[in-house]
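Descriptive analysis of the structure
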Amino acid sequence: MLDQRPVPRRHGSNPFSGPAKVDFCRRMQQENWRELADLYGISAAERASFPHGEQVAALWDLVESRRRLDELPDHLDELGHTHLAEALRDSVVDAPVPAVTRVAGAGLGIRPASAAGARRRLLIVEDNDVLGRTLLNRLRPQFDCTLVRNFDEWEQLTVDGPPDFDGALVDRHLAETMNDGLGLHILEYLKQYTDTRSVLMTADTPPGFESDTIARYGVVGVYRKGEGQAGINVRSMIERLFGPGD
């Protein structure tokens, strides 16, 4: 029997839980997302502006900006994607933040000072084994580092709720195809549920990309791989996260 539970509207434009978008984008990217764009009346010009390999995420963002995400399960039913529709309906939550214990000041744009002598906690998201280990080895003496090499490890890290980091270095792509954009999903999660300062690492920075990324994902900077003489300038990234002298 077709599940036609209505999706309730709530304050804000996204009625679904945090991981719902990531799951939807990964699964819908294998389907004909253009049919979904047709149902929403998205123009050819708007579709042409979607980044290659990230069209479904861009479609979601556009629909969310128009406050029409609650229509998504019904549209998916119309297209025969009932499994995706049911997954979204099951993800509807009453509150925008997962039920976890947050540190004092979380969600208010401030971070409580660490205990005297405590090292800053740093998240490193990098699928390239050599680069990931390089960052880990160079930063571990100064920071309490956690290395995430793929999206499965990220899901394991967040299974009990948002992690608590002072800063994050996040690679844009986490697959060999270099067209997944999964790092952007991680940045969106960090922006929505934590106070973590983040830097995006990427090899490709087309015109306007940095300003758009800062505006959309709240990063403090975009690091273009290759800026350093050895392929990576660790000091440059850390200064973007915490300021000179760290």
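Scroll up to find the structure this text is about.
Everything quoted here is computed from the prediction, not taken from an experiment. (Residues numbered from 1 in each chain as written. Predicted model: local features only at pLDDT ≥ 70, side-chain atom pairs only at ≥ 80, totals over all residues. Heavy atoms only, no water.)

Now for the overall build of the protein chain. Within the protein chain, the secondary structure is distributed over 11 helices and five strands. When each of the 246 residues of the protein chain is scored for burial, the buried share is 44%. Nonlocal contacts in the protein chain, meaning residues at least 24 apart in sequence, comprise 63% of its contacts between residues at least 6 apart. Just so you have it, the protein chain exposes about 12,800 Å², and 49% of that area is on carbon and sulfur atoms. (Helix = DSSP H or I, 4+ residues; strand = E, 2+ residues; numbered from the N terminus. Buried < 20%, exposed > 50% of the residue type's maximum accessible area, 1.4 Å probe, protein only. Contact = heavy atoms within 4.5 Å. Areas by Shrake-Rupley, 256 points an atom, 1.4 Å probe, with all protein chains shown as cover.)

On to the packing of aromatic side chains, then. Enumeration over the complete set of coordinates arrives at six aromatic pairs. When the centroid spacing of 5.9 Å and the interplanar angle of 50 degrees are considered together, the rings of Trp33 and Phe50 count as tilted. With Trp33 in helix H2 (residues 33-39) and Phe50 in the loop between helix H3 (44-48) and helix H4 (55-65), this pair connects stretches of sequence that are 17 residues apart. A relative accessible area of 6% means that Trp33 is categorised as buried. Relative accessible area serves as the criterion here: at 10%, Phe50 is assigned to the buried category. For the ring pair Trp154 and Tyr189, a centre distance of 5.4 Å and an interplane angle of 90 degrees mean the geometry is edge-to-face. (Phe/Tyr/Trp six-rings, centres within 6.5 Å; stacked < 30°, edge-to-face > 60°.)

Our next topic: the packing of helix H9 (residues 182-193) against helix H10 (residues 209-217). Contact pair H9 / H10: the axes reach a minimum separation of 9 Å and the direction vectors enclose 40 degrees. The angle between H9 and H10 places the two elements in the oblique class. Facing Leu184, Leu187, Glu188 and Lys191 of H9, the residues of H10 in contact are Ala215, Arg216 and Tyr217. Grouping the amino acids of the contact of H9 with H10 by side-chain chemistry returns four nonpolar, no polar and three charged. (Axes fitted to C-alpha atoms, helices over the stretch in contact; angles between N-to-C directions. Parallel < 35°, antiparallel > 145°, perpendicular 65-115°, else oblique. Nonpolar A, V, L, I, M, F, W, Y, C, P; charged D, E, K, R; others polar.)

In this section: the environment of Arg68. By secondary structure assignment, the location of Arg68 is in the loop between H4 and helix H5 (72-78). A sequence separation of 54 residues divides Arg68 from Asn14, and the C-alpha atoms of the two residues are 8.6 Å apart. Look past the residues within four positions of Arg68 in its chain and what remains in contact with it is Leu39, Tyr40, Val63 and His75.

This part takes up the layout of surface pockets. When its volume is computed, the second largest pocket comes out at roughly 690 Å³. Along the wall of the second largest pocket there are 34 residues; nearest its centre are Pro51, Glu54, Ala57, Ala58 and Leu184. Breaking the lining of the second largest pocket down by element, the ones donating at least two residues are helix H1 (18-28), H4, H9 and H10. Across the lining of the second largest pocket, the residue classes tally to 14 nonpolar, 10 polar and 10 charged. (1 Å grid on protein atoms, 1.4 Å probe; cavity = no way out; pocket = protein on both sides within 12 Å on 5 of 7 lines; lining within 4 Å. Points joined across faces, edges and corners; volume = space filled by probe spheres on them.)

A few words now on the pairing of strand S1 (residues 121-125). Regular strands place their side chains on alternate faces of the sheet. For S1, a buried count of four out of five residues is recorded, marking the element as mostly surrounded by other parts of the structure. Two elements, S1 and strand S2 (residues 144-148), share five bridges in a ladder whose sense is parallel. Pairing of Ile124 across the sheet is with Leu147, part of S2. Assessed by its sense of winding, the connection that carries the chain from S1 through helix H7 (residues 129-139) to S2 is right-handed. Two strands pair when backbone bridges link them, and S1 and strand S3 (residues 167-171) are joined in this way by four bridges, in the parallel orientation. For Ile124, the partnering residue across the bridge sits in S3 and is Leu169. (Pairing = 2+ DSSP bridges. Right-handed = clockwise from strand over helix to strand, strands pointing away.)

Before going further, it helps to spend a moment on the sheet that holds S1. Reading across from one edge, S2-S1-S3-S4-S5 is the order of the five strands in this open sheet, with parallel pairing throughout. Bordering the open sheet on either side are S2 and strand S5 (221-224), each of which pairs with just one other strand. Recorded for the sheet is a direction-independent mean angle of 20 degrees between the axes of neighbouring strands. Looking at chain direction, S3 and strand S4 (residues 197-202) are connected through five bridges and run parallel. Paired with Gly167 across the bridge in S4 is Arg197. Seen against the sheet, helix H11 (residues 234-242) touches S1, S3, S4 and S5 and runs at an angle of roughly 150 degrees to S4.

So far we have only geometry, and geometry alone does not tell us how the molecule works.
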